[in-house]
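# Close look at the chain arrangement
In case you want the letters, here they are:
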Amino acid sequence: MSNILRRGRLEAAPDKEILHYTSSMEADRWIFNADIAVDLAHTVMLREQGIIKEEDCGKILSGLLKIREEGMEKLDFSYEDIHISLESRLIDMVGEDVGGRMHSGRSRNDEVATCIRLTLREELTGLLEELFALRKTLVTLAGKHTETLMPGFTHLQHAQPTTLAHHLCAHEAALGRDFDRVQDAFSRVNLCPLGAAAFASTGFNLNRKRTQELLGFDGLLENSMDAVSSRDFLIECASVFSNLMINLSRMAEELVIWSSSEFNFIELDDMYASTSSIMPQKKNPDTAELMRGKTGVAVGTLMSLLTICKGLPLSYNRDLQEATPNIWRSVENSRASARVMEGMVRTMKIHKDVLAAQSTTGFTTATELADTFVRETGIPFRTAHQIVGILAKEMEKPTMEKIDSVAEVVLGESLSSRGLTEKMVKEALDPVSNITRRKIAGGPAPEEMQHYLGKRQTELELNEQEIATLKDSIDSAFENLLAVVEEYRKA
Ligand code: ARG
(Lines give C-alpha, C1' and ligand atoms only; values in the text may rest on other atoms or scores of the structure.)
Protein backbone atom coordinates (compact mmCIF):
# COMPACT_ATOMS: atom_id res chain seq x y z
CA MET A 1 0.00 0.00 0.00
CA SER A 2 1.06 3.59 -0.39
CA ASN A 3 2.95 5.38 2.37
CA ILE A 4 0.27 6.15 4.98
CA LEU A 5 2.07 9.29 6.09
CA ARG A 6 2.98 10.99 2.84
CA ARG A 7 -0.06 10.34 0.68
CA GLY A 8 -1.80 13.57 1.76
CA ARG A 9 0.42 16.60 1.90
CA LEU A 10 3.36 15.32 -0.08
CA GLU A 11 3.84 13.98 -3.55
CA ALA A 12 7.47 13.11 -4.28
CA ALA A 13 8.80 10.25 -2.20
CA PRO A 14 12.31 10.56 -0.77
CA ASP A 15 14.87 8.74 -2.90
CA LYS A 16 17.10 6.09 -1.35
CA GLU A 17 19.69 8.54 -0.20
CA ILE A 18 17.23 10.94 1.43
CA LEU A 19 15.44 8.05 3.09
CA HIS A 20 18.71 6.71 4.44
CA TYR A 21 19.64 10.22 5.57
CA THR A 22 16.38 10.90 7.40
CA SER A 23 15.35 7.47 8.65
CA SER A 24 15.75 6.36 12.26
CA MET A 25 14.63 2.77 11.55
CA GLU A 26 17.99 1.15 12.37
CA ALA A 27 18.36 2.94 15.72
CA ASP A 28 14.67 2.35 16.40
CA ARG A 29 15.42 -1.35 16.89
CA TRP A 30 16.23 -0.23 20.42
CA ILE A 31 12.68 0.99 20.99
CA PHE A 32 10.67 -1.71 19.20
CA ASN A 33 9.36 -3.34 22.37
CA ALA A 34 8.78 0.00 24.02
CA ASP A 35 6.79 1.24 21.04
CA ILE A 36 4.48 -1.77 21.23
CA ALA A 37 3.98 -1.16 24.96
CA VAL A 38 3.21 2.51 24.33
CA ASP A 39 0.73 1.59 21.58
CA LEU A 40 -0.96 -0.97 23.84
CA ALA A 41 -1.29 1.45 26.75
CA HIS A 42 -2.53 4.29 24.56
CA THR A 43 -5.11 2.04 22.90
CA VAL A 44 -6.38 0.72 26.25
CA MET A 45 -6.77 4.29 27.49
CA LEU A 46 -8.53 5.40 24.28
CA ARG A 47 -11.12 2.72 24.85
CA GLU A 48 -11.55 3.49 28.54
CA GLN A 49 -12.12 7.14 27.65
CA GLY A 50 -14.69 6.17 25.04
CA ILE A 51 -12.57 7.58 22.22
CA ILE A 52 -12.46 4.27 20.33
CA LYS A 53 -14.99 1.46 20.34
CA GLU A 54 -14.52 -1.77 22.32
CA GLU A 55 -14.36 -3.97 19.25
CA ASP A 56 -11.86 -1.71 17.50
CA CYS A 57 -9.76 -1.68 20.63
CA GLY A 58 -9.78 -5.50 20.74
CA LYS A 59 -8.65 -5.73 17.13
CA ILE A 60 -5.92 -3.16 17.53
CA LEU A 61 -4.58 -4.88 20.65
CA SER A 62 -4.55 -8.29 18.93
CA GLY A 63 -2.78 -6.78 15.94
CA LEU A 64 -0.16 -5.18 18.16
CA LEU A 65 0.53 -8.46 19.95
CA LYS A 66 0.91 -10.16 16.60
CA ILE A 67 3.38 -7.51 15.45
CA ARG A 68 5.31 -7.96 18.66
CA GLU A 69 5.49 -11.69 18.00
CA GLU A 70 6.64 -11.20 14.41
CA GLY A 71 9.41 -8.89 15.52
CA MET A 72 10.99 -5.81 14.05
CA GLU A 73 12.21 -7.59 10.89
CA LYS A 74 8.68 -7.88 9.54
CA LEU A 75 8.27 -4.11 9.51
CA ASP A 76 8.66 -2.06 6.34
CA PHE A 77 12.06 -0.37 6.52
CA SER A 78 11.17 2.09 3.80
CA TYR A 79 9.29 4.10 6.41
CA GLU A 80 11.16 6.90 8.13
CA ASP A 81 10.68 5.55 11.62
CA ILE A 82 9.32 2.68 13.64
CA HIS A 83 6.21 4.53 14.78
CA ILE A 84 4.77 5.03 11.36
CA SER A 85 6.04 1.70 10.06
CA LEU A 86 4.38 -0.10 12.94
CA GLU A 87 1.11 1.77 12.41
CA SER A 88 1.24 0.92 8.74
CA ARG A 89 1.74 -2.77 9.56
CA LEU A 90 -1.23 -2.60 11.92
CA ILE A 91 -3.38 -1.02 9.25
CA ASP A 92 -2.31 -3.77 6.83
CA MET A 93 -3.49 -6.32 9.37
CA VAL A 94 -6.75 -4.89 10.67
CA GLY A 95 -7.70 -2.31 8.04
CA GLU A 96 -7.60 1.46 8.21
CA ASP A 97 -11.08 1.79 9.66
CA VAL A 98 -9.77 0.09 12.80
CA GLY A 99 -6.00 0.49 12.83
CA GLY A 100 -6.25 4.06 11.60
CA ARG A 101 -7.79 5.02 14.96
CA MET A 102 -4.84 4.11 17.13
CA HIS A 103 -2.94 7.35 16.65
CA SER A 104 -5.89 9.49 17.87
CA GLY A 105 -4.72 12.19 20.27
CA ARG A 106 -1.10 11.30 19.80
CA SER A 107 1.96 12.42 17.89
CA ARG A 108 5.20 10.67 17.17
CA ASN A 109 6.73 13.43 19.25
CA ASP A 110 5.26 12.27 22.56
CA GLU A 111 5.44 8.68 21.35
CA VAL A 112 9.17 8.66 20.69
CA ALA A 113 9.97 10.50 23.92
CA THR A 114 7.96 7.88 25.83
CA CYS A 115 9.68 5.01 24.02
CA ILE A 116 13.15 6.38 24.74
CA ARG A 117 12.33 6.77 28.42
CA LEU A 118 10.87 3.26 28.68
CA THR A 119 13.89 1.68 27.03
CA LEU A 120 16.40 3.76 28.93
CA ARG A 121 14.69 2.80 32.17
CA GLU A 122 15.34 -0.89 31.38
CA GLU A 123 18.94 -0.14 30.48
CA LEU A 124 19.50 1.81 33.69
CA THR A 125 18.12 -1.08 35.70
CA GLY A 126 20.50 -3.45 33.92
CA LEU A 127 23.38 -1.09 34.57
CA LEU A 128 22.50 -0.94 38.26
CA GLU A 129 22.69 -4.74 38.40
CA GLU A 130 26.03 -4.77 36.63
CA LEU A 131 27.48 -2.07 38.84
CA PHE A 132 26.22 -3.93 41.85
CA ALA A 133 28.00 -7.12 40.70
CA LEU A 134 31.25 -5.26 40.10
CA ARG A 135 31.14 -3.56 43.48
CA LYS A 136 30.37 -6.84 45.17
CA THR A 137 33.34 -8.50 43.49
CA LEU A 138 35.60 -5.65 44.62
CA VAL A 139 34.34 -5.85 48.20
CA THR A 140 34.69 -9.64 48.25
CA LEU A 141 38.22 -9.47 46.87
CA ALA A 142 39.10 -6.71 49.32
CA GLY A 143 37.90 -8.97 52.14
CA LYS A 144 40.64 -11.42 51.17
CA HIS A 145 43.35 -8.79 51.02
CA THR A 146 43.05 -6.68 54.15
CA GLU A 147 46.60 -7.73 55.03
CA THR A 148 48.08 -7.78 51.54
CA LEU A 149 50.71 -5.06 51.60
CA MET A 150 51.33 -2.90 48.57
CA PRO A 151 52.85 0.47 47.81
CA GLY A 152 50.40 3.33 47.49
CA PHE A 153 51.21 5.98 44.91
CA THR A 154 50.94 9.70 44.42
CA HIS A 155 52.20 11.13 41.14
CA LEU A 156 52.76 7.45 40.26
CA GLN A 157 55.72 7.54 42.66
CA HIS A 158 55.87 5.21 45.61
CA ALA A 159 54.34 7.14 48.48
CA GLN A 160 53.26 5.13 51.53
CA PRO A 161 52.48 1.48 52.21
CA THR A 162 48.85 0.48 52.05
CA THR A 163 46.90 -2.71 51.43
CA LEU A 164 45.29 -4.10 48.32
CA ALA A 165 41.95 -4.06 50.16
CA HIS A 166 42.28 -0.35 50.74
CA HIS A 167 43.11 0.26 47.09
CA LEU A 168 40.26 -1.92 45.76
CA CYS A 169 37.80 -0.25 48.13
CA ALA A 170 38.81 3.16 46.82
CA HIS A 171 37.57 2.11 43.39
CA GLU A 172 34.46 0.58 44.89
CA ALA A 173 33.64 3.81 46.70
CA ALA A 174 33.77 5.74 43.42
CA LEU A 175 31.59 3.14 41.73
CA GLY A 176 29.16 3.38 44.64
CA ARG A 177 28.68 7.04 43.78
CA ASP A 178 28.17 6.10 40.13
CA PHE A 179 25.51 3.68 41.33
CA ASP A 180 23.81 6.50 43.27
CA ARG A 181 23.98 8.75 40.22
CA VAL A 182 22.31 6.10 38.04
CA GLN A 183 19.53 5.77 40.62
CA ASP A 184 19.14 9.51 40.74
CA ALA A 185 19.01 9.84 36.94
CA PHE A 186 16.43 7.02 36.91
CA SER A 187 14.03 9.17 38.90
CA ARG A 188 14.03 11.80 36.14
CA VAL A 189 13.95 9.27 33.30
CA ASN A 190 10.96 7.41 34.67
CA LEU A 191 8.41 10.11 33.88
CA CYS A 192 5.75 9.93 31.19
CA PRO A 193 5.49 12.40 28.28
CA LEU A 194 2.59 10.54 26.64
CA GLY A 195 -0.49 12.66 25.98
CA ALA A 196 1.59 15.70 25.11
CA ALA A 197 0.85 14.87 21.46
CA ALA A 198 2.71 17.16 19.04
CA PHE A 199 3.35 19.64 21.89
CA ALA A 200 0.06 21.38 22.69
CA SER A 201 -1.61 18.27 24.11
CA THR A 202 -4.93 17.40 22.50
CA GLY A 203 -8.62 18.17 22.50
CA PHE A 204 -9.38 14.46 22.95
CA ASN A 205 -10.22 13.71 26.53
CA LEU A 206 -7.14 11.58 27.19
CA ASN A 207 -6.37 10.23 30.63
CA ARG A 208 -2.66 10.87 30.95
CA LYS A 209 -2.52 9.45 34.47
CA ARG A 210 -3.86 6.15 33.18
CA THR A 211 -1.21 5.66 30.47
CA GLN A 212 1.43 6.73 32.95
CA GLU A 213 0.28 4.00 35.34
CA LEU A 214 -0.11 1.36 32.63
CA LEU A 215 3.49 1.97 31.57
CA GLY A 216 4.79 1.95 35.14
CA PHE A 217 6.08 5.52 35.14
CA ASP A 218 6.44 7.29 38.48
CA GLY A 219 4.83 10.50 37.27
CA LEU A 220 4.00 12.77 34.34
CA LEU A 221 6.15 15.21 32.46
CA GLU A 222 3.29 17.56 32.86
CA ASN A 223 3.87 20.55 30.60
CA SER A 224 3.10 19.12 27.19
CA MET A 225 5.57 21.35 25.41
CA ASP A 226 8.39 20.42 27.75
CA ALA A 227 7.40 16.75 27.48
CA VAL A 228 8.18 16.52 23.76
CA SER A 229 11.04 19.02 23.61
CA SER A 230 13.34 18.08 26.41
CA ARG A 231 16.23 15.69 26.19
CA ASP A 232 18.01 16.86 29.32
CA PHE A 233 17.39 13.37 30.69
CA LEU A 234 19.63 12.02 27.92
CA ILE A 235 22.32 14.57 28.70
CA GLU A 236 22.09 13.68 32.38
CA CYS A 237 22.42 9.96 31.68
CA ALA A 238 25.28 10.45 29.23
CA SER A 239 27.01 12.50 31.89
CA VAL A 240 26.45 9.78 34.49
CA PHE A 241 27.79 7.20 32.01
CA SER A 242 30.81 9.39 31.25
CA ASN A 243 31.62 9.69 34.93
CA LEU A 244 31.28 5.96 35.35
CA MET A 245 33.43 5.26 32.30
CA ILE A 246 36.10 7.59 33.58
CA ASN A 247 36.17 5.68 36.86
CA LEU A 248 36.36 2.39 34.97
CA SER A 249 39.01 3.79 32.69
CA ARG A 250 41.17 4.73 35.66
CA MET A 251 40.85 1.17 36.94
CA ALA A 252 41.65 -0.15 33.48
CA GLU A 253 44.71 2.07 33.31
CA GLU A 254 45.96 0.58 36.58
CA LEU A 255 45.39 -2.93 35.30
CA VAL A 256 47.50 -2.05 32.27
CA ILE A 257 50.29 -0.61 34.41
CA TRP A 258 50.10 -3.33 37.01
CA SER A 259 50.47 -6.06 34.42
CA SER A 260 53.60 -4.52 32.89
CA SER A 261 56.99 -6.18 33.57
CA GLU A 262 58.04 -3.09 35.52
CA PHE A 263 55.21 -3.45 38.02
CA ASN A 264 54.28 -7.12 37.74
CA PHE A 265 51.62 -6.68 40.46
CA ILE A 266 49.04 -8.79 38.63
CA GLU A 267 48.49 -11.02 35.65
CA LEU A 268 45.22 -10.74 33.79
CA ASP A 269 43.45 -13.90 32.79
CA ASP A 270 44.28 -14.95 29.21
CA MET A 271 40.66 -14.38 28.29
CA TYR A 272 41.23 -10.61 28.56
CA ALA A 273 44.60 -10.58 26.82
CA SER A 274 45.72 -10.52 23.22
CA THR A 275 49.05 -11.37 21.68
CA SER A 276 51.13 -9.87 18.93
CA SER A 277 51.04 -10.99 15.31
CA ILE A 278 54.82 -10.65 15.16
CA MET A 279 56.16 -10.86 18.73
CA PRO A 280 55.29 -14.35 19.91
CA GLN A 281 56.08 -13.68 23.56
CA LYS A 282 53.54 -10.90 23.99
CA LYS A 283 50.61 -10.92 26.38
CA ASN A 284 48.88 -7.58 25.99
CA PRO A 285 46.10 -6.20 28.20
CA ASP A 286 43.99 -5.21 25.17
CA THR A 287 40.63 -5.50 26.92
CA ALA A 288 41.66 -2.98 29.58
CA GLU A 289 43.12 -0.71 26.90
CA LEU A 290 39.86 -0.84 24.96
CA MET A 291 38.00 0.16 28.08
CA ARG A 292 40.16 3.27 28.25
CA GLY A 293 39.43 3.87 24.58
CA LYS A 294 35.69 3.36 24.89
CA THR A 295 35.71 6.02 27.59
CA GLY A 296 36.58 8.48 24.86
CA VAL A 297 33.49 7.35 22.98
CA ALA A 298 31.33 7.79 26.10
CA VAL A 299 32.57 11.34 26.59
CA GLY A 300 32.07 11.94 22.88
CA THR A 301 28.42 10.93 23.06
CA LEU A 302 27.92 13.40 25.90
CA MET A 303 29.47 16.15 23.77
CA SER A 304 27.26 15.14 20.83
CA LEU A 305 24.13 15.32 22.97
CA LEU A 306 25.04 18.68 24.44
CA THR A 307 25.81 20.11 21.05
CA ILE A 308 22.73 18.70 19.33
CA CYS A 309 20.41 20.12 22.00
CA LYS A 310 22.09 23.49 22.25
CA GLY A 311 20.15 26.24 20.52
CA LEU A 312 17.07 24.18 19.64
CA PRO A 313 13.92 26.29 19.83
CA LEU A 314 10.83 24.76 21.42
CA SER A 315 9.22 22.41 20.81
CA TYR A 316 10.09 19.25 18.84
CA ASN A 317 12.78 19.49 16.20
CA ARG A 318 13.95 16.62 14.07
CA ASP A 319 17.52 17.22 15.28
CA LEU A 320 16.41 15.30 18.37
CA GLN A 321 16.35 12.11 16.33
CA GLU A 322 20.10 12.50 15.93
CA ALA A 323 20.49 12.70 19.73
CA THR A 324 18.93 9.34 20.56
CA PRO A 325 21.48 6.86 19.14
CA ASN A 326 24.16 8.51 21.26
CA ILE A 327 22.51 7.33 24.43
CA TRP A 328 22.23 3.76 23.14
CA ARG A 329 25.91 3.68 22.21
CA SER A 330 26.83 5.13 25.54
CA VAL A 331 24.69 2.88 27.71
CA GLU A 332 25.73 -0.21 25.76
CA ASN A 333 29.39 0.66 26.28
CA SER A 334 28.95 1.43 29.94
CA ARG A 335 27.06 -1.75 30.69
CA ALA A 336 29.53 -3.92 28.81
CA SER A 337 32.45 -2.19 30.49
CA ALA A 338 31.01 -2.79 33.96
CA ARG A 339 30.52 -6.48 33.14
CA VAL A 340 33.98 -6.88 31.62
CA MET A 341 35.68 -5.08 34.48
CA GLU A 342 33.93 -7.39 36.94
CA GLY A 343 35.35 -10.43 35.16
CA MET A 344 38.81 -8.95 34.80
CA VAL A 345 39.06 -8.11 38.48
CA ARG A 346 37.57 -11.42 39.62
CA THR A 347 39.95 -13.54 37.55
CA MET A 348 43.22 -11.62 37.76
CA LYS A 349 46.18 -13.29 39.41
CA ILE A 350 47.55 -11.16 42.25
CA HIS A 351 51.30 -11.29 42.89
CA LYS A 352 51.21 -10.80 46.65
CA ASP A 353 54.95 -11.33 47.06
CA VAL A 354 55.78 -8.57 44.55
CA LEU A 355 53.24 -6.24 46.11
CA ALA A 356 54.68 -6.85 49.57
CA ALA A 357 58.28 -6.45 48.41
CA GLN A 358 57.42 -3.23 46.60
CA SER A 359 55.51 -1.83 49.55
CA THR A 360 58.66 -0.30 51.04
CA THR A 361 60.52 0.51 47.83
CA GLY A 362 61.26 4.22 47.58
CA PHE A 363 61.34 4.72 51.37
CA THR A 364 57.55 4.63 51.62
CA THR A 365 57.81 4.53 55.41
CA ALA A 366 59.36 8.00 55.54
CA THR A 367 56.14 9.67 56.65
CA GLU A 368 55.75 7.24 59.53
CA LEU A 369 59.37 7.83 60.54
CA ALA A 370 58.80 11.60 60.66
CA ASP A 371 55.53 11.06 62.56
CA THR A 372 57.41 8.85 65.04
CA PHE A 373 59.98 11.62 65.65
CA VAL A 374 57.11 13.98 66.39
CA ARG A 375 55.26 11.62 68.69
CA GLU A 376 58.31 10.34 70.56
CA THR A 377 60.53 13.42 70.82
CA GLY A 378 58.07 16.28 70.65
CA ILE A 379 59.80 18.09 67.78
CA PRO A 380 57.58 19.93 65.26
CA PHE A 381 56.46 17.96 62.23
CA ARG A 382 58.13 20.41 59.84
CA THR A 383 61.48 19.79 61.52
CA ALA A 384 60.96 16.03 61.42
CA HIS A 385 60.05 16.38 57.73
CA GLN A 386 63.39 18.11 57.10
CA ILE A 387 65.41 15.50 58.96
CA VAL A 388 63.77 12.59 57.17
CA GLY A 389 64.08 14.44 53.85
CA ILE A 390 67.85 14.69 54.33
CA LEU A 391 68.00 11.00 55.26
CA ALA A 392 65.95 10.12 52.15
CA LYS A 393 68.28 12.12 49.92
CA GLU A 394 71.19 9.99 51.12
CA MET A 395 69.13 6.95 50.23
CA GLU A 396 70.47 4.85 53.05
CA LYS A 397 68.42 2.81 55.41
CA PRO A 398 68.29 5.30 58.30
CA THR A 399 70.20 3.98 61.26
CA MET A 400 69.96 5.46 64.74
CA GLU A 401 73.41 6.95 64.32
CA LYS A 402 72.60 8.56 61.02
CA ILE A 403 69.34 9.98 62.38
CA ASP A 404 71.15 11.47 65.33
CA SER A 405 73.87 13.03 63.21
CA VAL A 406 71.33 14.68 60.87
CA ALA A 407 69.30 15.83 63.89
CA GLU A 408 72.44 17.37 65.40
CA VAL A 409 72.87 19.48 62.26
CA VAL A 410 69.22 20.48 61.90
CA LEU A 411 68.19 20.69 65.53
CA GLY A 412 71.43 21.09 67.43
CA GLU A 413 70.74 17.93 69.45
CA SER A 414 70.25 14.22 68.85
CA LEU A 415 66.85 12.61 68.83
CA SER A 416 68.03 9.77 71.09
CA SER A 417 68.71 12.42 73.70
CA ARG A 418 65.01 13.32 73.35
CA GLY A 419 63.89 9.72 73.94
CA LEU A 420 63.95 8.14 70.47
CA THR A 421 65.02 4.47 70.59
CA GLU A 422 66.18 2.01 67.96
CA LYS A 423 63.05 -0.05 68.54
CA MET A 424 60.87 2.94 67.70
CA VAL A 425 62.80 3.52 64.46
CA LYS A 426 62.59 -0.13 63.51
CA GLU A 427 58.86 -0.10 64.02
CA ALA A 428 58.42 3.06 61.99
CA LEU A 429 60.23 1.42 59.09
CA ASP A 430 58.09 -1.71 59.25
CA PRO A 431 55.29 -1.57 56.63
CA VAL A 432 52.99 -3.78 58.69
CA SER A 433 53.24 -1.46 61.64
CA ASN A 434 52.66 1.50 59.27
CA ILE A 435 49.40 -0.07 58.16
CA THR A 436 48.30 -1.11 61.63
CA ARG A 437 48.71 2.42 62.93
CA ARG A 438 46.51 3.90 60.20
CA LYS A 439 43.35 2.85 61.93
CA ILE A 440 41.29 6.05 61.93
CA ALA A 441 38.11 6.10 59.83
CA GLY A 442 38.86 5.15 56.23
CA GLY A 443 42.44 4.08 56.86
CA PRO A 444 44.03 0.81 55.68
CA ALA A 445 44.54 -0.84 59.11
CA PRO A 446 43.10 -4.36 58.78
CA GLU A 447 40.89 -3.79 61.81
CA GLU A 448 39.46 -0.57 60.34
CA MET A 449 39.13 -2.19 56.88
CA GLN A 450 37.06 -5.00 58.38
CA HIS A 451 34.78 -2.45 59.93
CA TYR A 452 34.60 -0.49 56.65
CA LEU A 453 33.91 -3.61 54.61
CA GLY A 454 31.05 -4.45 56.95
CA LYS A 455 29.49 -1.08 56.18
CA ARG A 456 29.94 -1.59 52.44
CA GLN A 457 28.29 -5.00 52.73
CA THR A 458 25.30 -3.41 54.42
CA GLU A 459 25.16 -0.75 51.71
CA LEU A 460 25.31 -3.44 49.01
CA GLU A 461 22.49 -5.37 50.64
CA LEU A 462 20.40 -2.22 50.65
CA ASN A 463 21.25 -1.58 46.98
CA GLU A 464 20.28 -5.14 46.10
CA GLN A 465 16.89 -4.54 47.70
CA GLU A 466 16.48 -1.28 45.81
CA ILE A 467 17.22 -2.97 42.49
CA ALA A 468 14.73 -5.71 43.27
CA THR A 469 12.04 -3.16 44.14
CA LEU A 470 12.71 -1.26 40.92
CA LYS A 471 12.55 -4.40 38.80
CA ASP A 472 9.42 -5.54 40.59
CA SER A 473 7.56 -2.34 39.90
CA ILE A 474 8.56 -2.33 36.22
CA ASP A 475 7.71 -6.02 35.79
CA SER A 476 4.40 -5.78 37.58
CA ALA A 477 3.38 -2.72 35.54
CA PHE A 478 4.11 -4.65 32.37
CA GLU A 479 2.27 -7.75 33.62
CA ASN A 480 -0.68 -5.58 34.55
CA LEU A 481 -0.65 -3.93 31.12
CA LEU A 482 -0.68 -7.35 29.43
CA ALA A 483 -3.51 -8.52 31.71
CA VAL A 484 -5.63 -5.48 30.82
CA VAL A 485 -4.80 -6.03 27.15
CA GLU A 486 -5.90 -9.68 27.42
CA GLU A 487 -9.16 -8.65 29.06
CA TYR A 488 -9.95 -6.01 26.42
CA ARG A 489 -8.92 -8.25 23.58
CA LYS A 490 -11.55 -10.79 24.54
CA ALA A 491 -14.30 -8.29 25.24
N1 ARG B 1 12.06 9.38 14.48
C2 ARG B 1 11.69 10.57 15.15
C3 ARG B 1 12.63 10.80 16.37
O4 ARG B 1 13.35 9.91 16.74
C5 ARG B 1 10.28 10.44 15.57
C6 ARG B 1 9.64 11.62 16.18
C7 ARG B 1 8.75 12.52 15.39
N8 ARG B 1 9.07 12.83 14.05
C9 ARG B 1 8.58 13.94 13.43
N10 ARG B 1 8.90 14.14 12.21
N11 ARG B 1 7.83 14.79 14.07
O12 ARG B 1 12.70 11.86 16.93
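Bear in mind that the values here come from a model prediction, so they are computed numbers and not experimental data.

### With respect to the site of the ligand
All residues in the neighbourhood of the ligand are listed as S24, D81, H83, R108, N109, V112, Y316, R318 and Q321. Between a nitrogen atom of the ligand and a side-chain N or O atom of S24, the distance comes to 3.1 Å. Y316 places a side-chain nitrogen or oxygen 2.4 Å from an oxygen atom of the ligand. Protein chains bury 88% of the 340 Å² of accessible surface belonging to the ligand in isolation. At three residues, the largest contribution of residues to the shell around the ligand is made by helix 6 (residues 108–144).

### Considerations on the nonpolar core
L120, L215, F241, L248, I327 and M341 are the most contacted members of the largest nonpolar core, which has 107 residues in total. What M341 contacts, discounting residues up to four positions off in sequence, is L134, L248, M251, A252, L255 and M291. Judged by nonpolar contacts, the second largest core, of 19 residues, contains L369, A384, M400 and A407.

### What about the pattern of salt bridges?
Scanning the entire structure with this criterion turns up 36 salt bridges. A salt bridge links E80 to R318, with the nearest nitrogen and oxygen atoms 3.7 Å apart. One end of the pair, E80, is in the loop between helix 3 (54–70) and helix 4 (82–94); the other, R318, is in the loop between helix 11 (286–309) and helix 12 (319–347), with 238 residues separating them in the sequence. Since its relative accessible area comes to 14%, E80 is described here as buried. The exposure class of R318 is partly exposed, given its relative accessible area of 35%. When the shortest N-O distance is used, the salt bridge between D270 and K283 registers 2.7 Å. Of this pair, D270 sits in the loop between strand 5 (266–267) and helix 11 while K283 sits in the loop between strand 5 and helix 11; the two residues are 13 residues apart in sequence, bridging distant segments of the chain. One salt-bridge network, held together by shared partners, links E368, R375, E427, R437 and R438.

### Some remarks on the packing of aromatic side chains
Tallied over the full model, the rule gives five aromatic pairs. Ring geometry for F153 versus F265: centroids 6.3 Å apart, planes at 40°, classification tilted. Linking F153 in strand 1 (residues 149–154) with F265 in the loop between helix 10 (232–258) and strand 5, this pair joins segments that are 112 residues apart in sequence. You can call F153 partly exposed: its relative accessible area is 23%. A relative accessible area of 2% places F265 in the buried class. Three or more aromatic residues link up through ring pairs in this structure, and these residues are F153, W258, F263 and F265. The side chain of R135 reaches across the aromatic face of F179, ending 4.9 Å from its centre.

### Considerations on the side chain of S107
Note that S107 resides in the loop between helix 5 (96–99) and helix 6. Non-local contacts of S107, meaning those with residues more than four positions away in its chain, are made with A197 and A198.

### Considerations on the pairing of strand 1
Pairing of strand 1 with strand 2 (residues 157–163) involves six bridges; the strand directions are antiparallel. What sits directly across from G152, in strand 2, is Q160. Between strand 1 and strand 2, which pair antiparallel in sequence order, lie two residues; one of them, H155, sits at a positive phi of approximately 55°.

### Some words on helix 3
Between its terminal C-alpha atoms helix 3 stretches 24 Å, which fits the 24 Å expected from 17 residues at 1.5 Å a residue. Every buried residue of helix 3 is listed here: D56, C57, G58, I60, L61, G63, L64, L65 and I67. Directly after helix 3, the chain includes G71, whose backbone phi takes a positive value near 90°.

### Let's talk about the side chain of T43
For T43, the location among the structural elements is in helix 2 (residues 32–48). When near neighbours in sequence (up to four residues on either side) are disregarded, T43 contacts I52, C57, I60, L61, L64 and M102.

### Quick word on the environment of V38
Considering the arrangement of structural elements, one finds V38 in helix 2. By relative accessible area, V38 is classed as buried at 0%. Taking the C-alpha atoms as reference points, V38 and T114, 76 residues apart in sequence, are found 7.3 Å from one another. With residues up to four places along the chain from it excluded, the contact list for V38 reads R106, E111, T114, C115, L118, L194 and L215.

### With respect to the environment of S276
Relative to the assigned elements, S276 resides in the loop between strand 5 and helix 11. Relative accessible area serves as the criterion here: at 15%, S276 is assigned to the buried category. Separated by 215 residues in sequence, S276 and L61 have C-alpha atoms that sit 56 Å apart. Beyond its immediate stretch of four places on either side in the chain, S276 contacts K282 and N284. Within the local environment of S276, its side chain forms a polar contact with the backbone nitrogen of M279, the two atoms lying 2.7 Å apart.

The rules behind these values
- Residues numbered from 1 in each chain as written.
- Predicted model: local features only at pLDDT ≥ 70, side-chain atom pairs only at ≥ 80, totals over all residues.
- Heavy atoms only, no water.
- Near = heavy atom within 4 Å.
- Polar contact = N/O pair within 3.5 Å; in protein donor to acceptor, adjacent residues only side chain to side chain.
- Areas by Shrake-Rupley, 256 points an atom, 1.4 Å probe, with all protein chains shown as cover.
- Helix = DSSP H or I, 4+ residues; strand = E, 2+ residues; numbered from the N terminus.
- Core = buried A, V, L, I, M, F, W, Y, C linked by side-chain atoms within 4.5 Å.
- Buried < 20%, exposed > 50% of the residue type's maximum accessible area, 1.4 Å probe, protein only.
- Contact = heavy atoms within 4.5 Å.
- Salt bridge = Lys/Arg side-chain N within 4 Å of Asp/Glu carboxyl O.
- Phe/Tyr/Trp six-rings, centres within 6.5 Å; stacked < 30°, edge-to-face > 60°.
- Lys NZ or Arg CZ within 6 Å of the ring centre and 35° of its normal.
- Pairing = 2+ DSSP bridges.
- Expected span 1.5 Å × (residues − 1).

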